[in-house]
Amino acid sequence: MNDISALLKGLHNGDSRSIARCITIVENDLPGSEEILAGLHLQEKVPVIGFTGPPGAGKSTLINALLSHILQKEPGSKIAVLAIDPTSSFNFGSLLGDRLRMSEHFNNESIFIRSAATRGSLGGLSSRTLEISDILKAAGFQYVIVETVGVGQSEVEIAGLADTTIVVLVPEAGDEIQALKSGIMEIADIFVVNKSDRDGSEGFAKNLMALAHSNSPALWNIPVIKTSASISQGLDELLTQIQQHGNIAINKRKPSLLFEKAMRLISISRMKVVDKKQLSENILTASQLPGFNLYSFVKAFMLKNKLE
Ligand SMILES: Nc1nc2c(ncn2[C@@H]2O[C@H](COP(=O)(O)OP(=O)(O)O)[C@@H](O)[C@H]2O)c(=O)[nH]1
Ligand SMILES: [Mg+2]
């Protein structure tokens, strides 16, 4: 047995060191990465639950509280958490922050926590988030939770990856117009109004409920759940809705989700063959010439590099 098959065996047995090693290999595109991905025994019934929302809304606190809640209600469950943090320097401490915040469970063997940095793929998720969550799906967890900051592209991307997308907002997020504007209506399967211990949560939740109701798809009435993550309130309802939505999503939405994932994998793999350094040098030179046209430049670049 080679190293990779040994690692895969460990992964499928739920060995956390093998899981961590496989993630590192895939995340960094090291030798063996493709073999690992192609060898995964995906458990399609395992739900991937995405949490998104503005920084500070309480996503990490909520996930932490939810972990305790699940372990209480379903003792023996195994849950994986993948926390994606922006690399922007003003957020430098957040990686450590998430770990510390979830530290209550950090040494608990039923919980596997991994932080991944965003690789700046257009301000979105790490380009490997999809693959990492699939690795976790094969590793014997009952739930895979992904936390991502709802800025830029990442909230749209999480919806193309998670079976259930939870948008966490706080009362002071402002009025319902803001929610509509950022396009979150299309991606939310469940809304959470966290910090509902604060003033204004009632009115905010009511407005959001009306909007969610009128935007709900035929099969699913998008719920608005009020939580107070820091005092563990609202978790039972949240878990119930996650489970109910998961039952629908996994059976009904799967083909379209798989289609989106396939498209994403194809475009990432096509982008890989682009020599970014060369592109950047060529474009610098070409753009200084009179009559520069980006479209004909790209066409010529693709032809020259056999990308077409
Ligand atoms: N009052 C109140 N504060 C909360 C609640 N949930 C989280 N917080 C606080 O909000 C801050 C940001 O929480 P965090 O989980 O890091 O937010 P994230 O950036 O969305 O992951 C922390 O100081 C939390 O203690 C809540 O339900 N009520
Ligand atoms: Mg967080």
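Residues numbered from 1 in each chain as written. Chains lettered and ligands numbered in written order. Predicted model: local features only at pLDDT ≥ 70, side-chain atom pairs only at ≥ 80, totals over all residues. Heavy atoms only, no water.

## Describing the confidence of the model for the protein chain
Okay, step 1: Per-residue confidence for the protein chain gives a mean pLDDT of 82, with 81% of residues at or over 70.
Okay, step 2: Mean pLDDT values for the elements of the protein chain range from 48 in helix α5 (residues 94-101) up to 97 in strand β7 (residues 224-226).
Okay, step 3: Here residues 86-96 is a poorly scored stretch, pLDDT under 50, and it has nine contacts once near neighbours within four places are set aside; other chains count.
Okay, step 4: The low-confidence segment residues 120-124 (pLDDT under 50) makes ten contacts with residues lying over four places distant or belonging to another chain. (pLDDT = per-residue confidence, 0-100. Helix = DSSP H or I, 4+ residues; strand = E, 2+ residues; numbered from the N terminus. Contact = heavy atoms within 4.5 Å.)

## Here's the deal with the side chain of Lys 59
Okay, step 1: Here Lys 59 is to be found in helix α4 (residues 59-73).
Okay, step 2: The contacts of Lys 59, once residues within four sequence positions are left out, are Phe 51, Thr 52, Gly 53, Pro 54, Glu 147, Thr 148, Val 149 and Val 168.

## Thoughts on the nonpolar core
Okay, step 1: Residues Phe 51, Ile 145, Ile 166, Phe 191 and Leu 238 are the most contacted members of the largest nonpolar core, which totals 44 residues.
Okay, step 2: It is α4 that provides the largest number of residues to this core, a total of seven residues.
Okay, step 3: Sequence-distant contacts of Phe 191, defined by excluding residues within four places in its chain, comprise Val 167, Leu 169, Ile 184, Met 185, Leu 208, Ala 212, Ile 222, Pro 223, Val 224 and Ile 225.
Okay, step 4: Counting residues in each nonpolar core, the second largest holds 30 residues, with Ile 25, Ala 138, Ala 139 and Val 146 among its members. (Core = buried A, V, L, I, M, F, W, Y, C linked by side-chain atoms within 4.5 Å. Buried < 20%, exposed > 50% of the residue type's maximum accessible area, 1.4 Å probe, protein only.)

## Topic: the environment of Ser 16
Okay, step 1: On the secondary structure map, Ser 16 appears in helix α2 (residues 16-27).
Okay, step 2: For Ser 16, a relative accessible area of 41% corresponds to the partly exposed category.
Okay, step 3: Along the backbone, Ser 16 and Ile 111 are 95 residues apart, and their C-alpha atoms lie at a distance of 9.7 Å.

## Points about α2
Because the α-helix completes a turn every 3.6 residues, residues three or four places apart line up on one side.
Okay, step 1: Its twelve residues place the ends of α2 16 Å apart at the C-alpha level, agreeing with the 16 Å of an ideal helix rising 1.5 Å per residue.
Okay, step 2: Within the span of α2, buried status applies to Ser 18, Ile 19, Cys 22, Ile 23, Ile 25, Val 26 and Glu 27. (Expected span 1.5 Å × (residues − 1).)

## Concerning the packing of helix α1 (residues 3-12) against α2
Okay, step 1: Packing of α1 against α2 leaves a shortest axis separation of 8 Å and a crossing angle of 125°. In terms of orientation, α1 lies oblique with respect to α2. Helix-helix and strand crossings are classified by hand; for α1 and α2 the assignment is left-handed. In this structure, α1 contributes Ile 4, Leu 7, Gly 10 and Leu 11 to the contact, and α2 contributes Ser 18, Ile 19, Arg 21, Cys 22 and Ile 25.
Okay, step 2: Its residues placed into classes, the contact of α1 with α2 shows six nonpolar, two polar and one charged. (Axes fitted to C-alpha atoms, helices over the stretch in contact; angles between N-to-C directions. Parallel < 35°, antiparallel > 145°, perpendicular 65-115°, else oblique. Left-handed = near helix turned anticlockwise from the far one by under 90°. Nonpolar A, V, L, I, M, F, W, Y, C, P; charged D, E, K, R; others polar.)

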